[in-house]
Amino acid sequence: MYLKMYNTMTKKMEALVPANPEQILFYSCGPTVYDDAHIGNFRSFLAADLLRRWIESPLCALKNPDNSLHTSSRTVVQVMNITDVGHMTDDENADGAGQDKMEVAAERILEAKKLGKIPVDAKVDPQDPFAIARYYEARFKQDAITLGLKVAIEAENDRSLMPRATENIDNMKIVIEQLLADGYAYPAGESGSRAVYFDVQRFEQYGQLSGNSIENLKGGAGGRTDEANTKQKNHPADFLLWKEDATHKMKWDSPKIPNLADDQQWGQGYPGWHIECTAMALAKLATGGLAGARKNNAQIDIHSGGEDNIFPHHECEIAQSCCFTGQADTDNPSFARHWFHPRFLKVEGQKMSKSKGTMYTLGDLTAKGIDPAAIRLELIKTHYRANADFSMQGLESSAKRINNWRRMAKHLQHAMDNDKGAFDHPNLNNAEAVVLESLSNDLNIAPCLGILDKGVKFSKGSHPVDPDTNIPVEYSEYIKGIYNTTILPEEPWDHQRIREVKKSNHPCEKQLATLHLIDNILGVIFRPIPKAQETTIALYQPGVTPSPEIESLLIARRDAKASKDWPAADAIRDQLKAMGLSIMDKPEGQVEVAPIN
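Residues numbered from 1 in each chain as written. Predicted model: local features only at pLDDT ≥ 70, side-chain atom pairs only at ≥ 80, totals over all residues. Heavy atoms only, no water.

## Brief notes about the sheet that holds strand S15 (residues 345-347)
Alright, step 1. If you walk across this open sheet you meet the three strands as S16-S15-S17, and the pairing is mixed. Either end of the sheet is taken by a strand with one partner, and the two such strands are strand S16 (350-351) and strand S17 (388-390).
Alright, step 2. By the bridge criterion, three bridges tie S15 to S17 in an arrangement that is parallel. Bridge pairing in S17 places Leu345 opposite Ala388. (Pairing = 2+ DSSP bridges. Helix = DSSP H or I, 4+ residues; strand = E, 2+ residues; numbered from the N terminus.)

## A word on the nonpolar core
Alright, step 1. Of all hydrophobic cores here, the largest spans 148 residues; its most connected members are Phe198 and Tyr206.
Alright, step 2. When residues in this core are grouped by element, the largest group, ten residues, is from helix H1 (residues 39-56).
Alright, step 3. Of all hydrophobic cores here, the second largest spans 13 residues; its members include Ala538, Val544, Ile572 and Ile583. (Core = buried A, V, L, I, M, F, W, Y, C linked by side-chain atoms within 4.5 Å. Buried < 20%, exposed > 50% of the residue type's maximum accessible area, 1.4 Å probe, protein only.)

## Quick notes on the packing of helix H12 (residues 392-417) against helix H15 (residues 475-485)
Alright, step 1. The N-to-C vectors of H12 and H15 enclose an angle of 95 degrees; their axes lie 9 Å apart at closest approach. Our classification of the angle between H12 and H15 gives roughly perpendicular. Seen from H12, the contacting residues are Asn403, Arg406, Arg407, Lys410, His411 and His414; seen from H15, they are Tyr478, Ile479, Ile482 and Tyr483.
Alright, step 2. Split into classes, the residues belonging to the contact of H12 with H15 amount to four nonpolar, three polar and three charged. (Axes fitted to C-alpha atoms, helices over the stretch in contact; angles between N-to-C directions. Parallel < 35°, antiparallel > 145°, perpendicular 65-115°, else oblique. Contact = heavy atoms within 4.5 Å. Nonpolar A, V, L, I, M, F, W, Y, C, P; charged D, E, K, R; others polar.)

## A short note on the sheet that holds strand S19 (residues 538-540)
Alright, step 1. Spatially, S18-S19-S21-S20 is the arrangement adopted by the four strands of the open sheet, whose pairing is mixed. Every other strand in the sheet has two partners, leaving strand S18 (533-534) and strand S20 (581-585) as the edge strands with one partner each.

## Some details on helix H9 (residues 310-325)
Spacing of three or four residues puts side chains on the same side of an α-helix, whose turn is 3.6 residues.
Alright, step 1. By the criterion of burial, H9 is predominantly enclosed, with 16 of the 16 residues buried.
Alright, step 2. Backbone geometry just downstream of H9 places Gly326 in the positive-phi region, at approximately 100 degrees.

## A short note on the side chain of Asn81
Alright, step 1. Relative to the helices and strands, Asn81 is located in the loop between strand S6 (75-80) and strand S7 (88-90).
Alright, step 2. Residue Asn81 is classed as buried on the basis of its relative accessible area of 1%.
Alright, step 3. Polar side-chain contacts of Asn81 include one of 3.2 Å to the side chain of Tyr27.
Alright, step 4. Reaching out from Asn81, the side chain makes a polar contact with the backbone nitrogen of Gly30 at a distance of 2.7 Å.
Alright, step 5. Not counting residues up to four positions away in its chain, the partners in contact with Asn81 are Tyr27, Ser28, Cys29, Gly30, Pro31, Pro163, Cys277 and Met280. (Polar contact = N/O pair within 3.5 Å; in protein donor to acceptor, adjacent residues only side chain to side chain.)

## Some remarks on empty space enclosed by the protein
Alright, step 1. One pass over the structure, following the stated rule, counts two cavities of 30 Å³ or more.
Alright, step 2. What lines the second largest cavity is simply Arg43, Leu46, Ala47, Leu50, Phe340, Leu379, Ile380, Thr382, Tyr384, Leu443 and Ile445.
Alright, step 3. The element contributing the most residues to the lining of the second largest cavity is H1, with four residues.
Alright, step 4. In the lining of the second largest cavity, the residues fall into nine nonpolar, one polar and one charged. (1 Å grid on protein atoms, 1.4 Å probe; cavity = no way out; pocket = protein on both sides within 12 Å on 5 of 7 lines; lining within 4 Å. Points joined across faces, edges and corners; volume = space filled by probe spheres on them.)

## Considering the pairing of strand S21 (residues 591-595)
Each regular strand carries side chains that alternate between the two faces of the sheet.
Alright, step 1. In terms of residue burial, S21 counts as a mostly covered element, since five of its five residues are buried.
Alright, step 2. Along S21, one buried face is formed by Val591, Val593 and Pro595 and the opposite face, lined by Glu592 and Ala594, is buried too.
Alright, step 3. Across three bridges, the pairing between S19 and S21 is parallel. Pairing of Tyr540 across the sheet is with Val593, part of S21.
Alright, step 4. Pairing of S20 with S21, which is carried by five bridges, proceeds in the antiparallel orientation. The residue of S21 that forms the bridge with Asp585 is Val591.
Alright, step 5. What sits between S20 and S21 in their antiparallel hairpin is a turn of five residues, with Gly589 showing a positive phi close to 105 degrees.

## Some words on the environment of Ser397
Alright, step 1. Mapping Ser397 onto the fold places it in helix H12.
Alright, step 2. The spacing of Ser397 and Lys251 is 146 residues in sequence and 49 Å in space, taken between C-alpha atoms.

## What to know about the packing of H1 against helix H11 (residues 372-380)
Alright, step 1. For the pair H1 and H11, interaxial distance at closest approach is 9 Å and the crossing angle is 80 degrees. The orientation of H1 relative to H11 falls into the category roughly perpendicular. For the pair H1 and H11, the contacting residues are Ile39, Phe42, Arg43, Leu46, Asp49 and Arg53 in the first and Arg376, Leu379 and Ile380 in the second.
Alright, step 2. Residues belonging to the contact of H1 with H11 are distributed by class as follows: five nonpolar, no polar and four charged.

## Concerning unusual backbone geometry
Alright, step 1. Residue Pro312 follows Phe311 across a cis peptide bond; omega there is 10 degrees.
Alright, step 2. One can find Pro312 in helix H9.
Alright, step 3. Of note, the phi angle at Lys564 is positive, near 60 degrees, even though the residue is not glycine.
Alright, step 4. Checked against the element boundaries, Lys564 lands in the loop between helix H18 (548-562) and helix H19 (566-578).

Quick look at the structure:
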């Protein structure tokens, strides 16, 4: 059995056949860092992360180019770009219409500062688009790490795995200059506002990914062109590679234009959105960088992005990449062997909406005390090619599932460390076979999760006794004690340790190894768990950060209760409620403070 997936390019299920199955080259379209990423963005990123983790699993088999199976260890080199220039508000427009999204961010932050709504930690100059980009980039990376994206975790030590567009301008100009030299691109327009366009008619396969033929795009279908620019282009669908614009806030020296003297070269400008990914993908993933890509007709193995990237972004990326690398001259030109596009995310059955308060960020949800593991599971539990429906009820269900799986892990951990006869989860014995069959079939995740749900059921084994008195203990209390005292690791075992533990003759140890093996793929069981924070007066549940304001209100409420001033105590409770906090008096004298969901 080997991995088969839907390929957006061919519109069918097919085996993933990398050029070198020992090292998979994987490029993921990343965020435009002009605002916080929302859960819809992360659904796409997490689907790619799930695919990457499955490919790296020892359970996964791939097809070799000679049709034999590759079952030995492999690595995935994954690159995710950071777009911090060139992505316009009207990204459907082939001419790069609208504002640069970094300029939109500057306006939004400036207005928020005037209104006093900017977050206290937003030490960012709204007049500096680079500072804005770094601010939102840092927030994105922290969210990505919290949700367990391996590429973001790895990028902590190798920043080249998450390259910035602004740091790859020279690479973009190399690609553009070569496309100009080879006749795939051309300059147009009047001095001061000239542009370099890609000539879509020079690439016969343009439209193959999305199903949009050049003929159908002739009239600028879908509002993708500006009428004022159409006259200067060879075809209405020709798309922007570079724009000369000295007024743009983020600008660089323009590419060299053929047949122009040095003193006639263009003024400064900025790149189009599509060219960024070609330059960053090939510079990092191709052997020998851009020069090697050009020499070797380079291809990558997998390219991922949300379904909204299919057209025009990925369609344009394919055209310019194939023409730059020389793939355009082959019988079956291809930039990536496999195209992976997760579907959109809905919230409570409807399209996400800022005005309705349903465009959640990770921070919005963790502020409610929700475990990031539950958010991750909620975003990956629906098949990537189906529209997922995100809901608070679904989050609660995902949190309960994870708690059950963690309880199972603690049973097995306890059995491994202490009483090997205490627990047995026999339904885990065939879990690996279920996971292999389900995830090899287009990442069909439902059976994989289902076998974990079934695995929770256990047989008691020997009846436990109190180790001090040798008297049988109440089983429910015994289980509760195990759950409260057994500490799980904050990451799953590596594959080497899993292999070693699997050599055990005891079923509980093998089952625990299986659980670690599966969670290397899912990333929801063995991970940091949000903990309550304790002060002298309060126990703050996850989602609430202690602050002097909250502490002073709790002290005032305590004093009001001591003096039996019940109206004052109730008024403080109402004040905390208005702040989004609920309180509960504990027998030990502390107050539990939790977010109101």
